[in-house]
Amino acid sequence: MRKNFLKFSVKDSLFTGLIALALFGPIVGLRTVAKNEILIVQPKWLIVILIVAVCAIGRFLINLYVFKRDQKLGNQSTIGKSIGNFLDTKGTQIAISAIIFSVIFPFLPFTDRYLMDIAIMMLTYIMLGWGLNIVIGLAGLLDLGYVAFYAVGAYSYALFAIHFGWSFWICLPLAGIFAAMFGVLLGFPVLRLRGDYLAIVTLAFGEMIRILLLNWYELTKGPDGLTGIPRPSFFGLPFKSFPDEGEQTFHTFFGLEYNPMQRIIFLYYLILVLALITNLFTIKIRKLPIGRAWEALREDEIACKSLGVNPRNTKLTAFAIGAMFGGFAGSFFATRQAFISPESFTFIESAIIVAIVVLGGMGSQTGVVLSTVFLIGLIEVFRDFESYRMIAFGGAMVLIMIFRPRGILATRKPTIILNNKD
Amino acid sequence: MDLAYFLQQLINGITLGSVYGLIAIGYTMVYGIIGMINFAHGDIFMVGAFVALISFIIFALTSIALPIVLLLTLLIAMVFTACYGWTVEKLAYKPLRKSFRLAPLISALGMSIVLQNYVQAAQGARIKTLQPVIQGGFTFMEDTGFTVSLSYLQIFIVLVTIFLMAIFTILITRTALGRAQRACEQDRTMTALMGINVDRTISITFIIGSSLASVAGMMFVMYYGVIDFYIGFLAGIKAFTAAVLGGIGSIPGAMLGGLLIGLIEVFWSGYISIEYKDIAAFTVLVVVLIFFPTGFLGKPDIEKV
């Protein structure tokens, strides 16, 4: 038995090595390089041999130490479960301390411009994740084109602000309404479709919006993008070092020294508040009939229909509300960057937001925060390894689906429990 | 002039349609057998194009005759790309057979990101240009002011597609493997009880789909002469549209859908607007899915409680 097993393991790892050679041999081993405008092949055999050896030996070790025992690979799920339980029991305290931490974060001694920028970016993604969580997590509609609403929000904010000169606080709700209208417009025809068809159609819509932005030059300036988007002001007080004649700015009004960090801190609080509003809204709406209908629809559409829930309208509300928060986040993005172009709204952005929601555990608000910190942190730390970090990112999506298909925090609490004795 | 222009678009459309049709078969077969959209299939096509490109570059250094080069490249691309299809299925989809419905789709999305960035890391982000492999062709209707040309390459592409389709149809309708596949489509549990290795049948489905996609990749790199690591995304969506248009799950439907999508795209860019040519395919996708979800040759999908 033992000997047979060893023989099998050796054979199996040799086979793995062969497959690895076939996979990595041509693509990694024969790099095509342009030389004098003609492609030539640069062999890189050393790295292929290395990868193949790692695959074969790794497979052999896995055979010996993991598959030999009959026990199942059950350890991964207990970690997530214990995190989940911990968050369930201590949930409120953790949430409050996280909020307090994020409120005092800008004034901590180690906080500098770089950290603030990352924090603002993370909060933007958290907000997008929370917005998409309404669509994916609560209503169970896989939307692969969420970035379209983000783009609609950003562009409508930018166009309103540039052409009409309206202030941030007027443009923000307008951008949200615009994005929600787009959500209804796009959602109306497609929401009858089943899960995976819906995913592909939303993806197609996302791409259509991007192509439209790229080619409608008169309105969007195409690939050049929109520049000179007005910065937000603190209730009418702009952040400027040199105010115009007779104009009051933030620092003169409060009698402070001018400091460019003031604007960054203001932006930080702005997105923090927007994100928290999104979260609060989601928590509250879950307890309303519409929120209950979303979750019921996610679990069983036919049962819902027979109980008199109108699936189309219910899904459409989820789509529109999710889109609205995407639009809010988009207008924040536009005002923060002061420059937007279709480059910022590619499919990969949608994939990142979907990954945030899925990794965190669909429907879990805390999970979104955890996975955003993890994923955006990962992307930020490996900034210099562009494609490697995306390989890790895609690989993480696959692994999570295999080992924790309901996300890191998969302990989904029922929203309502009948009051029985146990 | 008008007729000549139309004829030229028709020729180009059929060529492009052959490429889309070959990719669409992979989508439709996988959907038929395990009911998932293999989102990474477009990137398998891209890998196939890269393998073919590398093979062409290496053969260009030797003095082997052109027909043999073409045949060898075809085989090399099919074999190596099939390995990718097989591995992707084993790693990312097989563990998820019993998972919830959207899990394989998300996993496929992850796999697509992995493949794109892996090729980008290994081969560089720059576009790759291949010198034309097959040159020359026929021209006719020269007197009308617009010369219609039919290149040897286009003839080659269409002929190879027809040839592969013929072999493939025989494989599905006449052999034991084809019967096993059709049985798996209907009921996997019953098929397993009848003594058919379901896992192996699914693996073979992925291998066939990937090798056909690699042929499409080879033709793409020969036809356009320019590829990069991102071509799989758009080509994948268009081929998926083709599969849906023809009726997902139906193999003749995939070919028909591919031809139609190729023609729609070419005529759209020839007569309406070239900037919005990708929107044409997306619009077709949306319209078909909403009003016509079974496609031309598909079976209606009845939901049972």
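Scoring rules and cut-offs
- Residues numbered from 1 in each chain as written.
- Chains lettered and ligands numbered in written order.
- Predicted model: local features only at pLDDT ≥ 70, side-chain atom pairs only at ≥ 80, totals over all residues.
- Helix = DSSP H or I, 4+ residues; strand = E, 2+ residues; numbered from the N terminus.
- Buried ≥ 20, exposed ≤ 12 C-beta atoms within 10 Å, placed from the backbone.
- Contact = placed C-beta atoms within 7 Å.
- Nonpolar A, V, L, I, M, F, W, Y, C, P; charged D, E, K, R; others polar.
- Axes fitted to C-alpha atoms, helices over the stretch in contact; angles between N-to-C directions.
- Parallel < 35°, antiparallel > 145°, perpendicular 65-115°, else oblique.
- Left-handed = near helix turned anticlockwise from the far one by under 90°.
- pLDDT = per-residue confidence, 0-100.
- Expected span 1.5 Å × (residues − 1).
- Pairing = 2+ DSSP bridges.

Draft legend 1. Up close: the overall build of chain B. The helix and strand tally for chain B stands at 11 helices and four strands. Its C-alpha atoms give chain B principal-axis dimensions of roughly 65 × 50 × 40 Å. The proportion of buried residues among the 305 residues of chain B is 50%. In chain B, the share of contacts with a sequence separation of at least 24, taken over all contacts with a separation of at least 6, comes to 76%.

Draft legend 2. Fine view of the overall build of chain A. Check the secondary structure of chain A and you find 16 helices and four strands. Here chain A, with 422 residues, has 40% of them falling under the buried criterion.

Draft legend 3. Region of interest: the interface of chain A and chain B. Residue-level contacts link 44 residues of chain A with 52 residues of chain B. Broken down by class, the residue content of the side of chain A that touches chain B amounts to 35 nonpolar, six polar and three charged.

Draft legend 4. Here's a closer look at the packing of helix α2 (residues 41-61) of chain B against helix α8 (residues 198-224) of chain B. Residue and element names in this part refer to chain B. Between α2 and α8, whose axes approach to 7 Å, the crossing angle comes to 55°. Here α2 lies oblique to α8, going by the angle between them. Remark: the crossing between α2 and α8 carries right-handed chirality. Across the interface between the two elements, His41, Ile44, Phe45, Met46, Gly48, Ala49, Val51, Ala52 and Leu53 of α2 pack against Gly209, Ser210, Ala213, Ser214, Ala216, Gly217, Met218, Phe220 and Val221 of α8.

Draft legend 5. Just the confidence of the model for chain B, in detail. Residue and element names in this part refer to chain B. On average, chain B scores 85 in pLDDT, and the residues at 70 or more come to 96%. Here strand β2 (residues 137-140) is the element of chain B with the lowest mean pLDDT, 77, and α8 is the one with the highest, 90. Interface scoring of the predicted complex returns ipTM 0.83; its pTM is 0.85.

Draft legend 6. Local environment of unusual backbone geometry. Residues and elements named next belong to chain A. Positive phi outside glycine occurs at Ala338, with the angle close to 65°. By secondary structure assignment, the location of Ala338 is in the loop between α13 (311-337) and β4 (339-340). Of the residues examined, Ala338 has 13 C-beta atoms within 10 Å and is grouped as partly exposed.

Draft legend 7. Expanded view of helix α7 (residues 195-215) of chain A. An ideal rise of 1.5 Å per residue puts 30 Å on 21 residues; α7 of chain A measures up with 30 Å between its terminal C-alpha atoms. With respect to burial, α7 of chain A is a largely interior element, 15 of its 21 residues being buried.

Draft legend 8. Representation of the packing of helix α5 (residues 152-174) of chain B against helix α6 (residues 176-186) of chain B. Residues and elements named next belong to chain B. Contact geometry of α5 with α6 gives a least axis separation of 5 Å together with a crossing angle of 70°. In terms of orientation, α5 lies roughly perpendicular with respect to α6. Residue-level contacts link Leu171, Ile172, Thr173 and Arg174 of α5 to Leu177, Gly178 and Gln181 of α6. Grouping the amino acids of the contact of α5 with α6 by side-chain chemistry returns three nonpolar, three polar and one charged.

Draft legend 9. Representation of the pairing of strand β1 (residues 30-35) of chain A. In the sheet, β1 of chain A pairs with strand β2 (residues 38-43) of chain A via six bridges, with the strands oriented antiparallel. Bridge assignment links Arg31 of chain A to a residue of β2 of chain A, and that residue is Gln42 of chain A.

Draft legend 10. Quick peek at the environment of Gly258 of chain B. All names here are of chain B. Its location among the elements puts Gly258 in helix α10 (residues 251-272). Note: C-alpha distance between Gly258 and Leu75 (183 residues apart in sequence) is 23 Å. Beyond its immediate chain neighbours, meaning those up to four positions away, Gly258 contacts Gly17, Ser18, Tyr20, Gly21, Ala24, Ala239 and Ala242.

Draft legend 11. Quick peek at the confidence of the model for chain A. All names here are of chain A. Considering every residue of chain A, the mean pLDDT works out to 79; 84% of them sit at 70 or more. Helix α9 (residues 250-253) is the least confidently modelled element of chain A, averaging 66 in pLDDT, while α13 averages 89, the highest of any element. For the stretch residues 70-75, pLDDT sits under 50, and the model shows zero contacts to residues farther than four places along the chain or on other chains.

Draft legend 12. Up close: the pairing of β2 of chain A. Burial analysis of β2 of chain A places just zero of its six residues in the buried class, which makes it a mostly uncovered element. Remark: two residues form the turn of the hairpin made by β1 of chain A and β2 of chain A, two consecutive strands paired antiparallel; Asn36 of chain A in that turn has positive phi of roughly 50°.

Draft legend 13. Seen up close, the environment of Asp224 of chain A. Residues and elements named next belong to chain A. With respect to the helices and strands, the residue Asp224 is situated in the loop between α8 (217-220) and β3 (226-227). Judged by the 11 C-beta atoms lying within 10 Å of it, Asp224 is exposed. Separated by 154 residues in sequence, Asp224 and Leu378 have C-alpha atoms that sit 30 Å apart.

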